[in-house]
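Structural features, examined
Chain by chain, the residues run as shown.
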Amino acid sequence: MKFALVGNPNSGKTTLFNTLTGSSARVGNWPGVTVDKKEGLYKCRAPLALERGGGDNPPATKIHIVDLPGIYSLSPYTPEEVIARQFIVEEKPDLIINIVDATNLERNLYLTTQLLEIDIPVVVALNMMDVIKREGAEIDVAALSGKLGVPVVPISALKAGDARTLMGKAVETLEYWPPAGHNRPVVAGRFPSPFAGLYNDVLQQVMAHGIGHPVFHTIKLLENDAIELLHDTGLLTAIQQRKLQFEHSATIPAGASHPAVDYEAEIADLRYKFITNEVKPAVVKRYRNNSLSQSEKIDRLLTHRVWGLPAFLGILFAVFHLIFAADFLFLKRLGVLNESVPSLGVLLQGYTESLQTFAGEQLSGLLQSANAAPWATGLLVDGLVNGVCAVLTFLPQILLLFLFLSILEDTGYMARVAFLMDRPLRRFGLSGKAILPMLMGFGCSVPAMMGTRTLDNEKEKRLTLMLIPFFSCGAKLAIWSIIVATMFPDNADFVVFAIYATGVAVAVLAALALKKTVFKNNRSNFVLELPVYRLPRIKNTSLYLWEKLKGFLITVTTIVAAATIVIWFLQNFNFRFELLEPGDSANSILGQIGSSIRWVFAPLGFAQTPDSWKLIVAILTGLIAKELVVATMGVLYIPGFSEEAAQTPEGESSLIAVLGALSVFSPLTAMTFMIFNLLSVPCFAAVATAFAELKSIKWTLFTLFFWFTTAWTVSFIVYQAGALFSKMNVATAVVFLLALSITGGSIVYAVTHKNNRKYRCSGCDECGEKCSAGSRRMEN
Amino acid sequence: MLFSDKMAKLLNQFKAGERGKVEKLTVAGPLRRRLLDMGITPGTEIIFKKVAPLGDPVELTIRGYKLAIRRAEAEAVLMKTEDER
Ligand SMILES: Nc1nc2c(ncn2[C@@H]2O[C@H](COP(=O)(O)OP(=O)(O)OP(=O)(O)O)[C@@H](O)[C@H]2O)c(=O)[nH]1
Ligand SMILES: [Mg+2]
């Protein structure tokens, strides 16, 4: 058996799905979190058996729960909404659980009136009842059930008990469907008389054709939205004729000014009238919406005309500061304290580092005392431990980043960012909604790329997808951490912020370039619900972090561990599979490969020493998973170091210390290495996702080419320009990057501002139809 | 219109804090459908809440929730307001 969770975006479908199935699918306080259908098994069957009174024989059928993307109506607008309609209409679930957000009844019930027209049993789950109770509002559930003619179960999606009651009711409903007093459908019974005649005629024809969901399809035919019936041209023309006949007949009610009847508006109006005139007065006993007014207060700052954008930047910087700053709150720099206090991220990273050094020493001690063969020690300590530990060191910082992202997503701020950024982004062929997947890209590119489905315009979707890797993902954070800790420990937060800013700046410039060339005439809409602010839920956050931690540990123990072993072999054997002397790794398979393509990277600065094949190999392994960049550096640099160099700083063999002592980077090459990694082709999983979303080999190849060229070109420019300063220190590096972003920004501004007037004029082609229509109407 | 105390006006021309009722939508196609689905149907009361930092989009309160749309889209909504006397 299959039950589908259907409801408005952000009504709590996924929360309920997680409660019902024990999954941990992504939840967030903004519309459009779920973009694909997801199936799970209802985990608790015993109470159903009890309620059916058949305690001895619990029902053998398994109940599959399907979580769907949120929809405002059954007329899909964006690709992820199409998924939902297709599932409901074509895959015919046995029952629809319609999640209705009780704090937003009017708009949520609009969808309910449509679901009632489908020939599938419906149970309404009236969600967010905890909020209703807290606010002191009151809803008459029985009256609502009476008005809709289907069972209504008040729930809070987080409570397992409520979910169980709901499932009990759902199973019961299936047995007694249709319920007594069942009076659907809402609209068809309320058509004004001439309209009703037309409706009945169309319904007859649809039934005569033996089409499923006749009421639904009849209304869709009237609305010209019968996407499932497009193949049935005979029926369509017949209906079209009947409609024309209706429109020309004299029976059109007085006051309908339009020559052709506006079916869509009439029907939408009927639905909303039913809700506001019939349902709400009977159902809403007391109405209070404190969270709405509370949200308004918060928004006084966060979407303020002047302070909104600075607040956004401030929040982002605060996040980086908490993760990376060695001098928390600048206490030392400001002279408040003599010693700097590290921020949470740096503090935790220090702990894991010492823990791992300790573990590494114990292991090699153990192996020595066990008289293990030198190659085994090499493999385990030099390969596995160095590689895996190099990545693991940054686990706390990565988790912190995800913690902050999850808090941002849970509060409802994300939708505000879209609101703030829509205007600036529009100049680059994007809408504010594109910022949501982009910000998700700071976590991981894979879900972010899938998130582009919420964009209604194909060009915008492609463009956004191509830009997502420029938003530095969580795994790349390890690269920034290792390099800033080596090269710029005192200004770590600023440098990392500059790196992220560079990514964003490049994304902006690239968007502009693509808009002028590949994606011309991109026109999009922006209609976005702004949800009320909510306190982040500890359960959501911890589940999310746990998922991330699990994912990270799985990557590290499988891909990273396996890869480090392979890398260790490849750097200790040459092409004739002879074991090399320690320190001769330049002649190894990896050394040869890396050196052979050094010319590609030489103009970027970081690949000029003979040893730099190691960095190239690190970049290449990054194509498998970005965690591997640091892991590879660990395997390739640390072992050689302990044997060659005598000046080991006491007890320190961490990658940070090694990179510092070997002077692998200069500040400038450190920058270009980071920038190249920031912008270049993302990991394999992301490339595969891009292919799945672009649905075209041609586009995927173009996208790969675009990523590589952008990375190379920007690194090249930065290196060559930076080399002009003979010796670059941290301050200049940061100033330089910022200057670059600002110059880029002003170029963009200058270029786009030529078109500025376009947006305010009347009669241009950007918004021609609409504004000329509007102004004509005003003249009348 | 001279004799009526109602004024027709595009939603786009509202000022922050102003409210009015929807008269009709002047676009066709998917955008119209979307606006209808979001509850912008004739007779609905809309409060024009605020404008984003760079002048666009705008924030509305409608049917008890908050909706952000662009000016270009607001231009497609013809409104009735009580005339300010
Ligand atoms: N107070 C309260 N909050 C809830 C409840 N159910 C869900 N939420 C919150 O509502 C927000 C949206 O929840 P989701 O489960 O992601 O909503 P969804 O319907 O799956 O949203 P989309 O995937 O975007 O369509 C989250 O912030 C949840 O924490 C509830 O019963 N009570
Ligand atoms: Mg969801």
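The rules behind the values
- Residues numbered from 1 in each chain as written.
- Chains lettered and ligands numbered in written order.
- Predicted model: local features only at pLDDT ≥ 70, side-chain atom pairs only at ≥ 80, totals over all residues.
- Heavy atoms only, no water.
- Donors = N, O, S within 2.8 Å, 3.2 Å for Na, K, Ca; no water.
- Helix = DSSP H or I, 4+ residues; strand = E, 2+ residues; numbered from the N terminus.
- Buried < 20%, exposed > 50% of the residue type's maximum accessible area, 1.4 Å probe, protein only.
- Axes fitted to C-alpha atoms, helices over the stretch in contact; angles between N-to-C directions.
- Parallel < 35°, antiparallel > 145°, perpendicular 65-115°, else oblique.
- Left-handed = near helix turned anticlockwise from the far one by under 90°.
- Contact = heavy atoms within 4.5 Å.
- Domains from an automatic or database assignment.
- Salt bridge = Lys/Arg side-chain N within 4 Å of Asp/Glu carboxyl O.
- Polar contact = N/O pair within 3.5 Å; in protein donor to acceptor, adjacent residues only side chain to side chain.
- Nonpolar A, V, L, I, M, F, W, Y, C, P; charged D, E, K, R; others polar.
- Phe/Tyr/Trp six-rings, centres within 6.5 Å; stacked < 30°, edge-to-face > 60°.
- Pairing = 2+ DSSP bridges.

**Let's talk about the coordination of the magnesium ion (ligand 2)**
Angles at a metal have ideal values that depend on geometry: 109.5 degrees with four tetrahedral donors, 90 or 180 degrees with six octahedral donors. All names here are of chain A. Here the magnesium ion (ligand 2) is held by the protein donor atoms Thr 14 (OG1) and Thr 34 (OG1), which lie 1.9 Å from it. Residue Thr 14 is found in helix H1 (residues 13-21), and its partner Thr 34 is found in the loop between H1 and strand E2 (38-41); the two are separated by 20 residues along the sequence. Across the pair, Thr 34 and Thr 14 agree in class, each one buried.

**Details of the packing of helix H13 (residues 308-324) of chain A against helix H17 (residues 413-426) of chain A**
Residue and element names in this part refer to chain A. Following both chains from N to C, one finds H13 and H17 inclined at 130 degrees, their axes separated by 10 Å at the closest point. As summarised for this structure, H13 and H17 are arranged oblique, according to the angle between their axes. For the pair H13 and H17, the sense of crossing is left-handed. Between H13 and H17, the residues in contact are Gly 308, Leu 309, Ala 311, Phe 312 and Ile 315 and Tyr 413, Val 417, Leu 420 and Met 421, respectively.

**Quick look at the domain arrangement of chain A**
It is common to give the size of an interface as the accessible area lost on bringing the parts into contact. Residues and elements named next belong to chain A. Annotation of chain A at the domain level lists domain 1 (2-175), domain 2 (187-286), domain 3 (317-324 + 397-538), domain 4 (345-395 + 546-724) and domain 5 (728-780). In this complex, domain 1 contributes 27 residues to the contact, which on the side of domain 2 involves 26 residues. Counting the contacts that link domain 1 with domain 2 gives three salt bridges. One can count 11 residue pairs in polar contact (both at pLDDT 80 or more) joining domain 1 with domain 2. By residue number, the principal contributor to the side of domain 1 that touches domain 2 is helix H4 (residues 105-115), which donates seven residues. Here the side of domain 1 that touches domain 2 is built from residues that sort into 13 nonpolar, four polar and 10 charged.

**So, the packing of aromatic side chains**
Residue and element names in this part refer to chain A. With the rule as written, the count across this model stands at 23 aromatic pairs over all chains. Judged by centre distance (6.3 Å) and plane angle (75 degrees), the rings of Phe 402 and Tyr 544 are edge-to-face. Linking Phe 402 in helix H16 (residues 395-411) with Tyr 544 in helix H23 (residues 538-572), this pair joins segments that are 142 residues apart in sequence. We classify Phe 402 as buried; its relative accessible area is 7%. Residue Tyr 544 is classed as buried on the basis of its relative accessible area, which comes to 13%. Residues Trp 699 and Phe 702 carry aromatic rings whose centres are separated by 5.9 Å and whose planes lie at 85 degrees to one another, so their mutual orientation is edge-to-face.

**Looking at the pairing of strand E4 (residues 58-62) of chain B**
Residues and elements named next belong to chain B. Counting buried positions along E4 yields five of five residues, so the element is predominantly enclosed. Side chains Val 58, Leu 60 and Ile 62 project from E4 onto one buried face, and the interleaved Glu 59 and Thr 61 project onto a second face that is buried too. Here five bridges tie strand E3 (residues 45-51) to E4, and the two strands are oriented antiparallel to one another. The residue of E4 that forms the bridge with Val 51 is Val 58. Taken together, E3 and the strand that follows it, E4, pair antiparallel across an intervening segment of six residues, in which Gly 55 is found at a positive phi of about 90 degrees. Looking at chain direction, E4 and strand E5 (residues 65-69) are connected through five bridges and run antiparallel. Residue pairing for E5: Leu 60 is matched across the bridge by Leu 67. From the end of E4 to the start of E5, which pair antiparallel, there are two residues, and Arg 63 there has a positive phi angle of about 50 degrees.

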